[in-house]
Amino acid sequence: MNMTVADAPGAVTASTGGDRRERISGLVQRHGATAVLVLLVAFGSVTYENFPTTENLGNIAITSAFLAIVALGMTFVIITGGIDLSVGSVFALGGVLAAYGSTWGSLAGVALPLVVCGAIGLAQGLLIARARLAPFIVTLAGLLGARGLLLSISNEGAKTYLIPHDTVLAKVGQGEFLGLGYPVYITLALFAAGGLVLQRTGFGQSIFAVGGAEDAAGLMGVRVDRTKIAVYTLSGLLAGLAGTLNAARLSSGVTILGTGMELDAIAAVVIGGTLLTGGIGSVSGTISGVLLLGVIQNIINQIGNLSSSYQQVVSGAFLAVVVVLQTTLSRLNRLR
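In what follows, the accompanying structure is described. (Residues numbered from 1 in each chain as written. Predicted model: local features only at pLDDT ≥ 70, side-chain atom pairs only at ≥ 80, totals over all residues. Heavy atoms only, no water.)

1. Focus on the overall build of the protein chain
Reasoning step 1: For the protein chain, the count of helices and strands is 13 helices and two strands.
Reasoning step 2: The buried share among the 336 residues of the protein chain stands at 47%.
Reasoning step 3: Across the protein chain, contacts joining residues at least 24 apart in sequence account for 75% of those joining residues at least 6 apart. (Helix = DSSP H or I, 4+ residues; strand = E, 2+ residues; numbered from the N terminus. Buried < 20%, exposed > 50% of the residue type's maximum accessible area, 1.4 Å probe, protein only. Contact = heavy atoms within 4.5 Å.)

2. Looking at the packing of aromatic side chains
Reasoning step 1: For the structure on display, the rule yields four aromatic pairs.
Reasoning step 2: A centroid spacing of 6.4 Å and a plane angle of 85° characterise the contact between F43 and Y48, whose relative ring orientation is edge-to-face.
Reasoning step 3: Judged by relative accessible area, which is 18%, Y48 ranks as buried. (Phe/Tyr/Trp six-rings, centres within 6.5 Å; stacked < 30°, edge-to-face > 60°.)

3. Remarks on a nonpolar patch on the surface
Reasoning step 1: A grouping of F136, I137, L140 and L144 is seen on the molecular surface, where their side chains present a nonpolar patch of about 400 Å² in accessible area.
Reasoning step 2: As for its placement among the helices and strands, L140 is situated in helix α5 (residues 135-153). (Patch = residues over 30% accessible without salt bridge, like charges linked within 9 Å, V, L, I, M, F, W, Y side chains within 5 Å. Areas by Shrake-Rupley, 256 points an atom, 1.4 Å probe, with all protein chains shown as cover. Salt bridge = Lys/Arg side-chain N within 4 Å of Asp/Glu carboxyl O.)

4. Points about the pattern of salt bridges
Reasoning step 1: Tallied over the full model, the rule gives three salt bridges.
Reasoning step 2: Among the ionic pairs, R130 bridges to D225, the shortest N-O distance being 3.7 Å. Linking R130 in the loop between α4 (106-129) and α5 with D225 in helix α10 (residues 224-250), this pair joins segments that are 95 residues apart in sequence.
Reasoning step 3: A salt bridge links D225 to R132; its shortest N-O distance comes to 3.1 Å. Here R132 lies in the loop between α4 and α5 and D225 lies in helix α10, a separation of 93 residues in the sequence.
Reasoning step 4: Residue R132 is classed as exposed on the basis of its relative accessible area, which comes to 56%.
Reasoning step 5: Several salt bridges converge on common partners, so that one network encompasses R130, R132 and D225.

5. Focus: the environment of C117
Reasoning step 1: Structurally, C117 can be placed in helix α4.
Reasoning step 2: Accessibility expressed as a relative area gives 0% for C117, which makes it buried.
Reasoning step 3: What C117 contacts, discounting residues up to four positions off in sequence, is V90, G94, G236, L237 and G240.

Following this line, the structure appears as structure tokens:
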């Protein structure tokens, strides 16, 4: 009886071992942030009596909600292999425009920031997709432009627009249901929709295809330019929405917010398992990354004798470890 190489016992064993390693690396890639999050929550619950309280967990959820919305848009962008450095400034601009527009009612307070912030994302997408400019340069210009626009609207930050407490917009930002603020439920709904879009629609598959191999995606009929324009527009819309909800919660458009938020969003997305090189990622990983950063900040606050700046140190360390791990796993997969 003839035996082929594929039929040889050693080959079967090697194949099985390779498949097992590939599955393990995939699990680490997709669920590593969730596992660390569970461990940190368990540690905080055992170590600090105030950590597992409903009030404290609710505070983590509401403070993480705004970053999560921004990070959701960033997830779509990074999966395509791009980057959006403008989201922090667009977030702040959205808050100022929401407060400014609320003087004409809640509808204007929501529509104005979404239209302007969406237009900024659209303009960036057009420059990146059609003019073939580098995302880093285009969105850096968007960061500066959005910050300059909000300063001009607020008279160099000297004027702060307020959202009346009796408006629907303020009630959405400040209201609660079952101990959680309305922005948390809006965030969960957005992530559920984002997950469906990525995993169950042709647009989602186009996003993965563009990030995995742009040239090959174009040859397969994927509308690469349209996909890029769409994800940058979506990123601008979501950053503007997050700023609107934050302004509604604070009852004002604060001009100094959003500085460095783009870095937090990128860190949350990458920690959640999305590759910076594109082609791989999930919204569930992103929400785990956002909550992980929020729990780290909260535990540092629980310690009491450490400043909040330590959160940046820990977040940077987490990001460095995750990127090294992602790179190592990618190289091992290529070798196999």
